[in-house]
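Each chain is listed here by its residues.
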Amino acid sequence: MGPMARAPPLYRLSRMLRRIGTIVLVAILLYVGAAAYSASQVRLAGLDGNGQVTTAGENVTVVGGISLQNGGFLGISGVELASYIWLPSGTLLGVAHSPTVTIPPGVNATVPVTLVFDLGLNAEAASLLTHNAELPVESFANVSFAGIATLGIHNSMNYSWGAPFQSLNVTPQVPTAQSNGTVAFPVRVSYQNAGLFDEVGTITYTVHAASGMVCATAQLPIDTPKGTGYDTTTTVYVPPSCSISGGTVDIDYTGNGLAIALPPEPIP
Amino acid sequence: MTTDPPPIPPDAAPAADGATSPPVAPATAASAPAAEPPFRRPSLTRRAIVGVALLIPAVLFWWIVPARLLGDATDLGLSSGVSGYWLAVGGIVLSILGVVCYVVRPTRAYGPASIAASAASVVYLWLLVPLSHVTIGFGSGTSASLEYGTILELLAIVPAIGLAVGVVILVEDLRHPDERLRVEFGG
């Protein structure tokens, strides 16, 4: 065997760098493998479909969530959900969003989602108070595994919106002249509560003549659990100077924190 | 193209002009120039043959296997941002550069070749980063997308270190020609 040269310093440096490169490569591959295994241990533990509904002003807020069980040994971060709900015309009606959540290893956590319907947005949104609708919904979910890979899920579907005053009818019926000169109008109010919450409050309706003049007003206390209907006839007394034919009935609902005008009903 | 210097026989001594000089007293060990260790580099023909042989696994690693995986993924309904064209171009370029590194290793061109190969790897990985996602549709409007660009960014550290290795070798070969070769191909 011939004489061996002693490795020069720069050569030794290059050899050391090469070894570091190999170690880094192995470490990265091990980490990626570990992250992949850990991610495979994440389970969707459940969907919280019975969202808590709150109402305020003209907004209906639904709080739901999903439960994730991180059975891996690495944390999952950036867990985030968002949904966009559109009116059939394409106008954005509401946005559901969650906070960005980090789930440590071995933890079962719920990611809350808050969905806000702004029913006072425009006339089309207001019509959702009295008309069921199929609303286009786009949902996005993001999860980051071990900081090196991000899983995004996109879902497009239609949300079946149930109107809280579905098929609302406020109908003046055959008038009866009274001895004091007024005219008694029986008014029938009926609807179906197909919405997300029980209705406990007051319906106030105002009868307008075709000229816009207020002819009569009345208040009805209501207590209509979701899934049930309401059908009541009350009588209002209109002065003889008021001709309601061709007029309108304006309806307001106050209750559950909501204070909202329902779409007006024309009087034939 | 780098021209190889002629191989130095194993028993070669430093060039001495003693044969043509008048006889003098033998030099002492302290005053005699240090004997450079000999080295024998493999012939260019042999390196070229081995290099072509190495091209096969390199092409498999950089092109064929990734392209096959991409094709299988497509068959399973996965769509990727990475195109087969980019895999082919990148794979072939990196394979050739890897083989060139092997062929020129016993020469001073090894440093620049290492730099070129490592730089190409870094650029290749960085170009793939924005394309590094796979998407699968589940029907009924649901799809999932996995982004793994960070993994490629991390992997780019490795050729970046290789880039540093190439620079060190380049400097070493410029400052001390043949010193590295004596270590790698000596004895």
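Structural data are supplied above this passage.
Below: a short report on this structure. Here the residue index of a chain counts from 1 through its sequence in written order. As a convention, the first chain written is A and the first ligand written is 1, with the rest following in written order. Side-chain atom pairs in this predicted model are given and counted only at pLDDT of 80 or more, local residue features only at pLDDT of at least 70, and totals for whole chains, interfaces and linings cover all residues. Here the side-chain values reflect all heavy atoms present in the structure, with hydrogen atoms and water set aside.

**Describing the overall build of chain B**
Working definition: helices are DSSP H or I runs of at least four residues, strands are E runs of at least two. Numbering for both runs from the N terminus. In terms of helices and strands, chain B carries six helices and three strands. Listed N to C, the secondary structure of chain B is α-β-α-α-β-β-α-α-α in terms of helices and strands. Considering only intrachain contacts with a sequence separation of at least 6, the fraction spanning at least 24 residues in chain B is 71%. Accessibility throughout is a Shrake-Rupley quantity obtained with a 1.4 Å probe, and a residue counts as covered only by protein chains that appear here. Summed over its atoms, the accessible surface of chain B is roughly 10,700 Å², and 71% of this surface lies on carbon and sulfur atoms. Two residues qualify as a contact provided that any one of their heavy atoms is within 4.5 Å of a heavy atom in the partner residue.

**Some points on the pairing of strand β12 (residues 199-208) of chain A**
Residue and element names in this part refer to chain A. Only protein chains enter the accessibility calculation, which uses a 1.4 Å probe; a residue is then buried when its area is under 20% of its type maximum, exposed when over 50%, and partly exposed in between. Summarising burial for β12: eight of the 10 residues are buried, a large majority. A pair of strands is treated as paired once DSSP finds two or more bridges between them. Inspection of the sheet shows β12 paired to strand β13 (residues 214-224) by 10 bridges, in the antiparallel sense. Residue H208 lies in a different strand from β13, and its bridge partner there is V214. Two successive antiparallel strands, β12 and β13, enclose a turn made up of five residues, where G212 displays a positive phi of approximately 100°. Of the pairings in the sheet, the one linking β12 to strand β15 (residues 248-255) comprises eight bridges and is antiparallel in character.

**A word on the environment of B:L170**
All names here are of chain B. Within the secondary structure layout, L170 lies in helix α5 (residues 157-175). Among the residues examined, L170 registers a relative accessible area of 26% and is labelled partly exposed. Along the sequence, L170 and P112 sit 58 residues apart, while their C-alpha atoms lie 6.4 Å from each other. Leave out the neighbours within four places in its chain, and L170 touches G111, P112 and I115.

**With respect to the side chain of A:Q166**
All names here are of chain A. The residue Q166 is located in strand β9 (residues 166-172) in this model. For Q166, a relative accessible area of 18% puts it in the buried group. Residues adjacent in sequence count toward polar contacts only when both atoms are side-chain atoms; beyond that, a polar contact is any pair of N or O atoms within 3.5 Å, and within protein one must be able to donate a hydrogen and the other to accept it. A polar side-chain atom of Q166 sits 3.1 Å from a polar atom in the side chain of S167.

**Topic: the nonpolar core**
All names here are of chain A. Formed by 60 residues in total, the largest nonpolar core has its most connected members in F117, Y205, V207 and V236. Here the element with the most residues in this core is strand β7 (residues 133-145); it accounts for six residues. Structurally, this core is a two-domain feature, drawing no fewer than three residues from each of domain 1 (39-161) and domain 2 (166-266). If we skip the residues at most four places from it in the chain, V236 touches V183, A184, F185, V187, Y205, V207, A216, T217 and A218. As used in this record, nonpolar core signifies buried Ala, Val, Leu, Ile, Met, Phe, Trp, Tyr and Cys residues forming a set joined through side-chain atoms within 4.5 Å. Domain delimitation follows an automatic or database domain assignment.

**Notes on the state of the cysteines**
All names here are of chain A. Here, the term disulfide refers to a pair of cysteine sulfur atoms separated by no more than 2.5 Å. In this structure the tally under the stated criterion is one disulfide over all chains. The disulfide bridge from C215 ends at C242, spanning 2.2 Å between sulfur atoms. Across the S-S bond of C215 and C242 the torsion is about -90°, and the bridge reads as left-handed. Of this pair, C215 sits in strand β13 while C242 sits in the loop between β14 (229-238) and β15, and the two are 27 residues apart along the sequence. With respect to class, C215 is no different from C242; both count as buried.

**Topic: the interface of chain B and chain A**
Contact with chain B, which involves 34 residues of that partner, is made by 30 residues of chain A. When a carboxyl oxygen of Asp or Glu lies within 4 Å of a side-chain nitrogen of Lys or Arg, that pair is called a salt bridge. For the pair chain B and chain A, the number of links is zero salt bridges. At the surface where chain B touches chain A, the tally comes to seven residue pairs in polar contact (both at pLDDT 80 or more). If you list the elements that add at least two residues to the side of chain B that touches chain A, you get β3 (142-147), α4 (149-155), α5 and α6 (179-185) of chain B. Sorting elements by how many residues they give to the side of chain B that touches chain A places α5(B) first, with 10 residues. The residue classification treats Ala, Val, Leu, Ile, Met, Phe, Trp, Tyr, Cys and Pro as nonpolar and Asp, Glu, Lys and Arg as charged. All others, Gly included, are polar. Its residues assigned to classes, the side of chain B that touches chain A shows 18 nonpolar, eight polar and eight charged.

**Regarding the sheet that holds strand β16 (residues 258-266) of chain A**
Residues and elements named next belong to chain A. Pairing within the open sheet is antiparallel, and its four strands lie in the order β13-β12-β15-β16. Single-partner strands in this sheet number two, and they are β13 and β16. Sheet twist, expressed as the mean angle between neighbouring strand axes with direction ignored, is 20°. To define axes, lines are fitted to C-alpha atoms, for helices over the stretch in contact only, and angles between the resulting N-to-C directions are given on a 0 to 180 degree scale.

**Observations regarding the packing of aromatic side chains**
Centres within 6.5 Å are what make two rings of Phe, Tyr or Trp a pair, Trp counting through its six-membered ring; a difference in plane orientation under 30 degrees is then read as stacked, over 60 as edge-to-face, and the rest as tilted. One pass over the full model with this rule turns up 10 aromatic pairs over all chains. Each residue in the set A:F165, A:Y191, A:Y230 and A:Y253 is aromatic and connected to the rest through ring pairs, giving one cluster.

**Concerning the pattern of salt bridges**
All names here are of chain B. Here the structure, examined in full by the defined rule, presents six salt bridges over all chains. Among the ionic pairs, R108 bridges to D178, the shortest N-O distance being 3.8 Å. Taken together, the residues span a long stretch of sequence, with R108 in the loop between α2 (84-103) and α3 (110-128) and D178 in the loop between α5 and α6 at a distance of 70 residues. Given the relative accessible area of 17%, D178 is considered buried. Salt-bridge contacts for E184 lead to R180; the nearest nitrogen and oxygen are separated by 3.0 Å. Within this pair, E184 and its partner R180 are both found in helix α6, separated by four residues, close to a single helical turn. Across the pair, R180 and E184 agree in class, each one buried. Through salt bridges that share partners, R105, D173, R180 and E184 make up one connected network.

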